[in-house]
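Structural characterization, general
Residue-level listing of the chains:
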Amino acid sequence: MNALTPRGPAWVAIRQHRPALWTALFLTVLTIGCVIAARVWVGSAGAVVSCGEGCEISTTASGWFRWAENYVGGAAVLLPLVVVAFTAGPLIARELESGMYRLAWTQSVSPARWLAVRLAGAAAIATAGAVLLAATLRWSRSYSQEDAFLSMARSWSGREVYPALGVTVVGYVLLAVAVGALAAVLLRRTLLAMAVGLAATGGVALALAWVRPYLWPVVKTEGGAGTSPFTASPDPWIVREGVVLADGSQMTYKQCLDMGFSKSPCAPDTASTAGTRFYEYHPDSHFWPLQLVETGIVLLLAAACVFGAFKVLGRRHG
């Protein structure tokens, strides 16, 4: 094949990593199949329950759905770590460490094009997998009110499923590709680049998970003890809650636990409480704003890493 053709470097990269690509395809199909099977089973079991029979089967089906939901959510959360390890190690650093890159660069393939082909291929494949996982999980959670057992699905704010329910997972896999490339061209050692890439990507994910509730303004409300102020939001993400004291100050439940709940103003029979609870929360409508803000931050970091990778490669081999 002529190396000057546009498909030349890409075709070589694909052939080099065929086992990894086939494994990724198999795992993606298996994951999607598990979720689809769980969703279909719960739907059919729910129909039996409406007739007054099959409660045991329905309970088992809903439990399996919860397992499948955790499985696909966990797969989407871990996908960026797999992507960064593959990009930093076998895809880029190994060729730089072994000197195999020289063969490609002597075939009229510039260093920038060599890196761009690898980044584009890894990004396209990882993004396709992330989109399929997210679409499958969202479809599995789209149910009518008659599907009672699907109400056991995890809250949209749960760390196990939140990244996989929207575009955030795509942002993280693109960040993983970018971080892996930067680590590889900087360190040029396979295992070291993989370790640094994993640490950096995991660190960013953990940091953003911690600040996630504060990426969009919360809704503040108050309500009497024993009443729910969330009638307009069936699945709120409560960020902060507690009691309003008689003097108008607030005390969170965490503060109450720290001082001993039974003796704190949070206890229902404590005279020092005004009987009012306060809540700071994200309603369901905040899902997409939170997703878009987090994804925007992640993509900015990814763009910076890609720019850095090309600059480092250009300085060393330009």
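Scroll up to find the structure this text is about.
Within any chain, residue numbers begin from 1 and follow the written order of that chain's sequence. The predicted nature of this model means local features are confined to residues of pLDDT at least 70 and side-chain atom pairs, given and counted, to a pLDDT of 80 or more, with totals for whole chains, interfaces and linings taken over all residues. Remark: hydrogens and water are excluded; side-chain values derive from all non-hydrogen atoms of the structure.

**Description of the overall build of the protein**
- Across its full length, the protein carries nine helices and four strands.
- Relative accessibility thresholds used throughout: buried, under 20% of the residue-type maximum; exposed, over 50%; partly exposed, between the two (1.4 Å probe, protein chains only). A burial count over the protein gives 43% of its 318 residues as buried.
- Two residues form a contact once any of their heavy atoms are found within 4.5 Å. Counting only contacts in the protein whose residues sit at least 6 apart along the sequence, the fraction spanning at least 24 positions is 79%.
- Using a 1.4 Å probe, the Shrake-Rupley method yields the accessible areas, and only the shown protein chains count as cover for residues. Carbon and sulfur atoms form 67% of the exposed surface of the protein, whose accessible area is close to 16200 Å². Secondary structure elements are defined from DSSP: runs of H or I of at least 4 residues count as helices, runs of E of at least 2 residues count as strands, and each element is numbered from the N terminus.

**Considering a nonpolar patch on the surface**
- On the surface, Phe26, Leu27 and Leu30 cluster together into a nonpolar patch covering about 290 Å² of accessible area.
- If you trace the backbone, Leu27 turns up in helix H2 (residues 18–49).
- Residue Leu27 is classed as partly exposed on the basis of its relative accessible area, which comes to 43%. For patches, a residue must show more than 30% relative accessible area and have no salt bridge; joins then use 9 Å for like charges and 5 Å for nonpolar side chains, namely Val, Leu, Ile, Met, Phe, Trp and Tyr. Each reported salt bridge corresponds to a side-chain nitrogen of Lys or Arg within 4 Å of a carboxyl oxygen of Asp or Glu.

**Some points on the packing of aromatic side chains**
- Within 6.5 Å between ring centres, the rings of Phe, Tyr and Trp (the latter by its six-membered ring) count as paired, and their orientation is classed by plane angle as stacked under 30 degrees, edge-to-face over 60, tilted in between. Inspection of the entire model under this criterion finds six aromatic pairs.
- Summarising the aromatic geometry, the rings of Trp156 and Phe287 are spaced 5.8 Å apart at their centres and angled 90 degrees between planes, so their arrangement reads as edge-to-face. Placement of the pair is Trp156 in the loop between helix H5 (111–140) and helix H6 (168–187) and Phe287 in helix H9 (residues 287–317), with a sequence separation of 131 residues.
- Geometrically, the ring pair formed by Tyr162 and Trp237 is tilted, given 6.4 Å between the ring centres and 50 degrees between the ring planes. A residue pair is termed long-range when its members are at least 10 positions apart, and Tyr162 in the loop between H5 and H6 and Trp237 in strand S2 (residues 237–245) qualify at 75 residues. Per residue, the accessibility class of Tyr162 equals that of Trp237, and both read buried.
- Ring-pair connections join several aromatic residues into one group, and the members of that group are Trp156, Tyr162, Trp237, Phe287 and Trp288.

Structural measurements only, silent on function.
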